[in-house]
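So you can see what is in the structure, the chains are spelled out below.
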Amino acid sequence: MIDGPYFVLTVLGLLGTAIVAGVFCGFSTFVMKGLASLPPAQGVAAMQAINVSALTPAFMLVFVGTAVLCAVLAVVTFVLWPDEGRVELLLGSALYLIGCFGVTMVANVPRNDTLAKLDAGTPEAAEYWRDYVSRWTTWNHIRAVAAAAAATSYLLALA
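Below you will find a few notes about this structure. Predicted model, so just to flag it, every value in this text is computed and none were measured.

**A few points about the overall build of the protein chain**
Item 1. Helix and strand counts for the protein chain come out as five helices and zero strands.
Item 2. Structurally, the protein chain occupies a C-alpha span of about 60 × 25 × 20 Å along its principal axes.
Item 3. Counting every position in the protein chain, which comprises 159 residues, the buried fraction comes to 40%.
Item 4. Within the protein chain, contacts between residues separated by at least 24 positions form 80% of all contacts whose residues are at least 6 apart in sequence.

Shown next, in the form of structure tokens:
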């Protein structure tokens, strides 16, 4: 069984990935649906405000801090090469780092950056909004599932 500081790192990784999964699940299941039901100008303005407010230290600590924890867990696992939980720890780290953090950087953030440059009340913003909601939400589903799978993998490593 995993113990000592390694146990603490794994529990923190589990908690971080689970919290991020919950945030992204909420966005996929009701926030984006609510925003999509608004007139485009209002939806764009609301999402622009959400994207700015998401950059708070509290959320960044959880989101980026979890990525750091996952990277540390992967490195420690490679160095120690434990008999118990090795596959689960490496899989959990990969799922979060690639499927959640990586997807955020290559799929969601570029869309957010494009949206931020638009004036919410313009026809250009309304046209982009239709595509944005669909594609952003699809990628958000992927990162929510990846974060939940990472949490599950870390939990299995502790079992």
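**Focus: helix 5 (residues 123-158)**
Think of an α-helix as 3.6 residues a turn; residues three or four steps apart then line up on the same face.
Item 1. Taking 1.5 Å as the rise per residue, helix 5 with 36 residues should run 52 Å; its terminal C-alpha atoms sit 52 Å apart, in good agreement.
Item 2. At Y132, helix 5 shows its maximal kink, close to 30 degrees.

**A few points about the packing of aromatic side chains**
Item 1. Going through the model one piece at a time under the given rule, you end up with nine aromatic pairs.
Item 2. Ring centres of F59 and F63 lie 5.7 Å apart, and the angle between their planes is 10 degrees; this geometry places the pair in the stacked category. Note that F59 and F63 are positioned in helix 3 (residues 57-80) at a spacing of four residues, about one turn of the helix.
Item 3. On the basis of relative accessibility, which here comes to 3%, the residue F63 falls in the buried class.
Item 4. Positioned above the aromatic ring of F24, the side-chain terminus of R143 is 3.7 Å from the ring centre.

**A short note on the environment of E127**
Item 1. The residue E127 is located in helix 5 in this model.
Item 2. Along the primary structure E127 and A67 are separated by 60 residues, whereas in three dimensions their C-alpha atoms are 34 Å apart.

**Considering the state of the cysteines**
Item 1. Summed over the entire model, instances satisfying the criterion amount to zero disulfides.
Item 2. No disulfide involves C25; its nearest neighbouring cysteine sulfur is the one of C100, lying 12 Å away.
Item 3. The cysteine C70 is free of any disulfide, with C100 supplying the nearest cysteine sulfur at 8.6 Å.
Item 4. Classification of C70 by relative accessible area gives buried; the value is 0%.

**Section: the nonpolar core**
Item 1. Among the nonpolar cores identified, the biggest contains 21 residues, and V20, L89, Y96 and C100 are the most heavily contacted of them.
Item 2. Take this core: its biggest share by element is eight residues, from helix 5.
Item 3. Those residues in contact with C100, other than ones at most four positions away along the chain, are V20, F24, F63, L95, R143, A146 and A147.
Item 4. Residues M32, V44, L118 and A125 belong to the second largest nonpolar core, which totals 14 residues.

**What to know about the layout of surface pockets**
Item 1. Empty space within the largest pocket amounts to approximately 470 Å³.
Item 2. Lining the largest pocket are 23 residues; nearest its centre among them are N51, A54, L55, F59 and N112.
Item 3. The set of elements that each furnish at least two residues to the lining of the largest pocket consists of helix 1 (4-36), helix 2 (40-53), helix 3, helix 4 (86-116) and helix 5.
Item 4. Among the elements that line the lining of the largest pocket, the one with the most residues is helix 4, at seven residues.
Item 5. Looking at side-chain class alone, the lining of the largest pocket contains 16 nonpolar, five polar and two charged residues.

About the thresholds
- Residues numbered from 1 in each chain as written.
- Predicted model: local features only at pLDDT ≥ 70, side-chain atom pairs only at ≥ 80, totals over all residues.
- Heavy atoms only, no water.
- Helix = DSSP H or I, 4+ residues; strand = E, 2+ residues; numbered from the N terminus.
- Buried < 20%, exposed > 50% of the residue type's maximum accessible area, 1.4 Å probe, protein only.
- Contact = heavy atoms within 4.5 Å.
- Expected span 1.5 Å × (residues − 1).
- Bend = angle between axes of the 7 residues up to and from the residue.
- Phe/Tyr/Trp six-rings, centres within 6.5 Å; stacked < 30°, edge-to-face > 60°.
- Lys NZ or Arg CZ within 6 Å of the ring centre and 35° of its normal.
- Disulfide = S-S within 2.5 Å.
- Core = buried A, V, L, I, M, F, W, Y, C linked by side-chain atoms within 4.5 Å.
- 1 Å grid on protein atoms, 1.4 Å probe; cavity = no way out; pocket = protein on both sides within 12 Å on 5 of 7 lines; lining within 4 Å.
- Points joined across faces, edges and corners; volume = space filled by probe spheres on them.
- Nonpolar A, V, L, I, M, F, W, Y, C, P; charged D, E, K, R; others polar.

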